[in-house]
Protein chains: 2
Amino acid sequence: MTNPLPTGATIGILGGGQLGRMLSVAAARLGFKTHIFEPGSNPPAGHVADQVTTASYDDIPALTAFAETVDVITYEFENIPTQALDVLESLRPLRPNREALRVSQDRVIEKTFLRDLGLDTAPFATVDDRGTLESALDEIGAPAILKTRRFGYDGKGQARIMDRSDAATALADMKGSPAILEGFVNFTHEVSVIAARAVDGQVACYDPGENVHRDGILHTTTIPARLSPSRQMDAVLIAGKILNALDYVGVMGVELFVTPKSLVVNEIAPRVHNSGHWTQNGCTVDQFEQHIRAVAGWPLGDGRRYADVTMKNLIGDDIGTLPTLAADGSCALHMYGKSDAKPGRKMGHVNRITQAQPQKS
Amino acid sequence: MTNPLPTGATIGILGGGQLGRMLSVAAARLGFKTHIFEPGSNPPAGHVADQVTTASYDDIPALTAFAETVDVITYEFENIPTQALDVLESLRPLRPNREALRVSQDRVIEKTFLRDLGLDTAPFATVDDRGTLESALDEIGAPAILKTRRFGYDGKGQARIMDRSDAATALADMKGSPAILEGFVNFTHEVSVIAARAVDGQVACYDPGENVHRDGILHTTTIPARLSPSRQMDAVLIAGKILNALDYVGVMGVELFVTPKSLVVNEIAPRVHNSGHWTQNGCTVDQFEQHIRAVAGWPLGDGRRYADVTMKNLIGDDIGTLPTLAADGSCALHMYGKSDAKPGRKMGHVNRITQAQPQKS
């Protein structure tokens, strides 16, 4: 597919959670249909999709049938099994590409990739057992944080090592999974850049947002972030460098630690990102539509922003505040259609428009 | 249903066109599922709905089954057959109510209702045959416009009578349908108010937009409209009066002619309205979500506006301009997913954000 996907075409989305849901709505806004592939029943994205396939990622006939109904395939999460990707990629274009997935699925590969690009990362070392953990601690020191190399999200699969006596417990927390030890970064705050790259190499970034986490889960993103103009430009250049190096097509979330000396890349996510949800109420083209535009070979939106916004996640019991939020004229609600408000479960988010920004013409 | 509909509930929508489509997306944003009832195949709303029933409005078992899966019923168009409404209303709340439909389905009943409220309308008279047309022309004079009482939209079912020699041809154009003769109103421009009323009687209006029609179809709506502050208040009061008189729940479009002396009510539509599409990119809560909020018994958004917007319909071949519009950073696209770009067919619309408006706090 080198030409822009015509309106009316079908976009396949792997994963039926809230990101797939909001991607599906954005695709519809451009006239596309979507087909969701999701192992779980009653996926949030299914409420707003044209078709849903309920099957597991090792169901080759289902993957094949899915691919044959769509024109291009994208995804809402990075941990798609390799065998599924092999099947899908043989049938339809996959955007973003395999390389982006390979790099971002494994924290050691990701940090090595970033370091080789000349970007700052936390000091890190590979940990497979007690011996490699001890030598990693010799090299990096404590405090540090031990993480599984793969499948971690929202603070899961992580253990802090405040001093060496925590090492055994932390290693046990990894449950035998290959791990990475990361040194602590002495940062003042975290920002993220939501960046996009088109098929023709065009790159567009949204203004960086400032993230606050609670219990390992994103709590709020505030736009604008506390960042000097030159630091803001640094952040954009870092994101552009990463996207170019991966020949990336789509939206990526790049998390950065702000230190007195530099911006340290914490993590990249090859997909739309929770810290970019504010764009739904601050920009003409939001991150979901931006991703769909890239995947469909369309021109990107320019990322311009017409409002200051604070995004707040509604997690678990937070949905009890829904009546108050619904009555607040500055709050734009985005619910995910999940029936069961378990602790730690993202149920929705709210974008509060704090100040409109007159456009530069 | 007197309590607010809980997130996760299902809203039934009669009609699967673009209005149903955008209502469905708005419902999902609040965590609701939607079920579309539509006689035609492959309805635009079906691409973003949880369930679709394809059946005609005289299929009582299908209507019954549809109603039983939903918590409340609304609609995207006013010409729903009475027998279908009888079935549906016996099973679930219908919002807006029957009275709003009864009044707006027939131009004579509508104008009589408006006149009885003390509002200005064009002079009008009922026309059933040549004799009543002649006496109507005696009363109203020419130029005038002959319209079918029911089922007219986008300029269909209308014939101009510039002088009495046009009368026979105009009457023939009605094809035997009951008709209404309306006198010309000498207006400078047309505005419309998109107003909403909640279950508890709360009313919220968006700023009036200024409409330009081409070939009887809405071409553009521009916000703000040319309207003095006192006229703007008049417009809002007119809309509020209409909504209250009907004990209305939901969004209504009220079209007004601006004359040197007054605002003349042209037409009301008991649903979301094409001239309110600008709210998608100018307001925290757009007209679609506002309608869903009302129908679901939720508090309304306050209608505040954070941008100046011009909405332009993309009709038929206009979709040829899509690549240019997609490359324009100030344009927000809203495509309807229709495959066949027939002349006069609404394929999508574009909201151009012309200037952000700092919020009053």
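The notes below deal with the structure included here. Note that the structure is a prediction, hence the values are computed from the model and not measured. (Residues numbered from 1 in each chain as written. Chains lettered and ligands numbered in written order. Predicted model: local features only at pLDDT ≥ 70, side-chain atom pairs only at ≥ 80, totals over all residues. Heavy atoms only, no water.)

**What about the environment of Glu182(B)?**
Residues and elements named next belong to chain B.
Right, so step 1: Locating glutamate 182 in the fold gives a position in strand β8 (residues 179–183).
Right, so step 2: Glutamate 182 sits 90 residues away from valine 272 along the chain, and the two C-alpha atoms are 25 Å apart.
Right, so step 3: Beyond its immediate chain neighbours, meaning those up to four positions away, glutamate 182 contacts Arg107, Lys111, Pro123, Phe124, Ile140, Ala144, Ile145 and Lys147.
Right, so step 4: A distance of 3.0 Å separates polar atoms of two side chains, one belonging to glutamate 182 and the other to lysine 147. (Helix = DSSP H or I, 4+ residues; strand = E, 2+ residues; numbered from the N terminus. Contact = heavy atoms within 4.5 Å. Polar contact = N/O pair within 3.5 Å; in protein donor to acceptor, adjacent residues only side chain to side chain.)

**Some thoughts on the sheet that holds strand β7 (residues 158–161) of chain A**
Residues and elements named next belong to chain A.
Right, so step 1: The 4 strands are arranged β5-β8-β6-β7 in an open sheet whose pairing can be described as antiparallel. Bordering the open sheet on either side are β5 (124–127) and β7, each of which pairs with just one other strand. The average angle at which neighbouring strand axes cross in this sheet is 25°, direction not considered.
Right, so step 2: Note that β5 and strand β8 (residues 179–183) share 4 bridges and pair antiparallel. Bridging from a neighbouring strand, phenylalanine 124 pairs with glutamate 182 of β8.
Right, so step 3: Contacts from helix α5 (residues 107–116) reach β5, β6 (144–148), β7 and β8, with the element oriented near 45° to β8. (Pairing = 2+ DSSP bridges. Axes fitted to C-alpha atoms, helices over the stretch in contact; angles between N-to-C directions.)

**A word on the relation of the copies chain B and chain A**
Right, so step 1: When chain B is fitted onto chain A, the two copies agree to an RMSD of 0.0 Å after a turn of 180° and an axial shift of 0.0 Å. Taken together, the rotation and translation relating the two chain copies correspond to the operation of a two-fold axis. In terms of C-alpha distance to the rotation axis, chain B has Val48(B) as its closest residue, with the C-alpha 1.9 Å off the axis.
Right, so step 2: The overlap is high: 100% of the interface residues of chain B also sit at the interface in chain A, so the same surface is used on both sides. (Least-squares fit on C-alpha atoms with pLDDT ≥ 70 in both.)

**What about the interface of chain B and chain A?**
Often, the extent of an interface is quoted as the loss of accessible area on bringing the components together.
Right, so step 1: Listed as interface residues are 40 residues of chain B and, on the opposing side, 40 residues of chain A.
Right, so step 2: Roughly 3,400 Å² is buried in total at the junction of chain B and chain A, and carbon and sulfur atoms are behind 60% of that figure.
Right, so step 3: Together, His47(B), Thr284(B) and Tyr306(B) form the three largest contributors to the area buried by chain B at its contact with chain A, with a combined 15%.
Right, so step 4: If you look at where chain B meets chain A, you find 0 salt bridges.
Right, so step 5: Here chain B and chain A share 11 residue pairs in polar contact (both at pLDDT 80 or more) between them.
Right, so step 6: Per-element tally for the side of chain B that touches chain A: the top contributor is strand β16 (residues 331–335) of chain B, with 5 residues.
Right, so step 7: Tallied by class, residues from the side of chain B that touches chain A come to 19 nonpolar, 14 polar and 7 charged. (Buried area = accessible area lost by both parts, 1.4 Å probe. Salt bridge = Lys/Arg side-chain N within 4 Å of Asp/Glu carboxyl O. Nonpolar A, V, L, I, M, F, W, Y, C, P; charged D, E, K, R; others polar.)

**Digging into the pattern of salt bridges**
Right, so step 1: All chains considered together, the criterion is met by 42 salt bridges over all chains.
Right, so step 2: Two residues, Lys147(A) and Glu182(A), come together in a salt bridge whose shortest N-O distance is 3.0 Å. Here Lys147(A), found in strand β6, pairs with Glu182(A), found in strand β8; they are 35 residues apart in sequence, far enough to count as distant.
Right, so step 3: When the shortest N-O distance is used, the salt bridge between Asp328(B) and Arg352(B) registers 2.6 Å. Within this pair, whereas Asp328(B) is found in the loop between α10 (322–326) and β16, its partner Arg352(B) is found in strand β17 (residues 346–356), the two being separated by 24 residues in sequence.
Right, so step 4: What makes Asp328(B) partly exposed here is its relative accessible area of 26%.
Right, so step 5: Here Arg352(B) falls in the partly exposed class, since its relative accessible area comes to 33%.
Right, so step 6: Put simply, Arg29(A), Asp286(A), Glu289(A) and Arg293(A) are held in one network by salt bridges that share partners. (Buried < 20%, exposed > 50% of the residue type's maximum accessible area, 1.4 Å probe, protein only.)

**Some words on helix α1 (residues 18–29) of chain A**
All names here are of chain A.
Right, so step 1: For α1, built from 12 residues, the straight-helix expectation of 16 Å at 1.5 Å per residue is met to within 8% by its first-to-last C-alpha distance of 17 Å.
Right, so step 2: Within α1, 11 of the 12 residues are buried, which leaves the element mostly enclosed by the surrounding structure.
Right, so step 3: Of the residues making up α1, those classed as buried are Gln18, Leu19, Gly20, Arg21, Met22, Leu23, Ser24, Val25, Ala26, Ala27 and Ala28. (Expected span 1.5 Å × (residues − 1).)

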